Amino acid sequence: MPDSLFTDLFRDTEQLTWHPTEQVRQRARRRTRQTRIASVLAGAVAVAVVATGAVALAGGQDGAPTPVLPATGSPTPTPVPSATPSRTPSPPPATSNTPVAPPSSPSATSDRSPTGSTNPAVPAAAMLRLSDLPAGFTMTEGDVDGDWSLESVSIYCRNASSSTAVGQIAQRTVSFDSPTASMIQRVTRHSAGNAATVLDRVRAKFSDCTPIRTGDSLSVLADGLGAGDESLLVGSTIEGEPSRWLVVRQGDLVAQVTLDMDTTPEEARTYARPVAQRLCAGTDAC
């Protein structure tokens, strides 16, 4: 009885078509050549890797070999960079090079008017108006030339007097003319506390003057005319020619007004009141 193994083999190969012997030999030779080429390529790659490693070792510091870390179980996978780039942290805010202004010192605020405004200019509303004077006057704004102010009489004194412009930070001038008279008003603003000093220096100028020429004189004709914080009438006689000035202080403003040469203290009082009232438009001391 035939062996079952041969029986099964005969059945499986009965229908097979066998290639010619020469064709089988060519296929074997071709496979052998491919195996050899693959072996040569693998050897070339191995040589390149070894050469690269040698160059890297030669370029290292002191030619020290790279230490081999001991194996610790399964190798740690190389992290794959995220497709979404990480957000670059914003730089800290730059420090400004602009110096910080120091706190205002008392001297820095002393030039402010009492009204709180940083503009020290004397407003037009602080000046006399035509309605404050008798009919027939005209008004002109602007500086007036000539030696009309009370400061001009200092040259007739032997002893020098202190300036009445102490702490002055602004001024405004108007003039009034009529067919028979003329008046000039100048209002000055002074830094804190200096307006009162101005009145003290006016008093000293007209009380302490020692005239150079005999017959000349300076004097305080009235002190306290009932207007403003302070008011006075001063006068001079130079070479027989009399002059009169009304001086009124309201807060940090000082008004100086030229009057007729024969103005009495009572007449000066009628002008002092409107002068003081107008000054209130330029200061909150009223």
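Rules of the game
Residues numbered from 1 in each chain as written. Predicted model: local features only at pLDDT ≥ 70, side-chain atom pairs only at ≥ 80, totals over all residues. Heavy atoms only, no water. 1 Å grid on protein atoms, 1.4 Å probe; cavity = no way out; pocket = protein on both sides within 12 Å on 5 of 7 lines; lining within 4 Å. Points joined across faces, edges and corners; volume = space filled by probe spheres on them. Helix = DSSP H or I, 4+ residues; strand = E, 2+ residues; numbered from the N terminus. Nonpolar A, V, L, I, M, F, W, Y, C, P; charged D, E, K, R; others polar. pLDDT = per-residue confidence, 0-100. Contact = heavy atoms within 4.5 Å. Salt bridge = Lys/Arg side-chain N within 4 Å of Asp/Glu carboxyl O. Buried < 20%, exposed > 50% of the residue type's maximum accessible area, 1.4 Å probe, protein only.

**Looking at the layout of surface pockets**
Part 1 of the argument: What the largest pocket holds in volume is close to 460 Å³.
Part 2 of the argument: Put simply, the parts of the chain that give the lining of the largest pocket at least two residues each are β2 (168-177), β3 (182-190), β5 (230-238), β6 (241-250) and β7 (253-259).
Part 3 of the argument: Counting residues per element, the lining of the largest pocket draws most heavily on β6, which supplies five residues.
Part 4 of the argument: When the residues that make up the lining of the largest pocket are grouped by side-chain class, the tally is ten nonpolar, seven polar and five charged.

**What about the confidence of the model for the chain?**
Part 1 of the argument: The predicted model of the chain has a mean per-residue pLDDT of 77, with 59% of residues at 70 or higher.
Part 2 of the argument: When mean pLDDT is taken per element in the chain, β7 scores highest with 98 and helix α3 (residues 106-109) scores lowest with 35.
Part 3 of the argument: The low-confidence segment residues 60-116 (pLDDT under 50) makes 22 contacts with residues lying over four places distant or belonging to another chain.

**Description of the pattern of salt bridges**
Part 1 of the argument: Across all of its chains, the model carries twelve salt bridges by this definition.
Part 2 of the argument: The salt bridge involving Arg189 is made with Asp252; its shortest N-O contact spans 3.2 Å. One end of the pair, Arg189, is in strand β3; the other, Asp252, is in the loop between β6 and β7, and 63 residues separate them in sequence. Considered together, Arg189 and Asp252 belong to a single accessibility category, that of buried residues.

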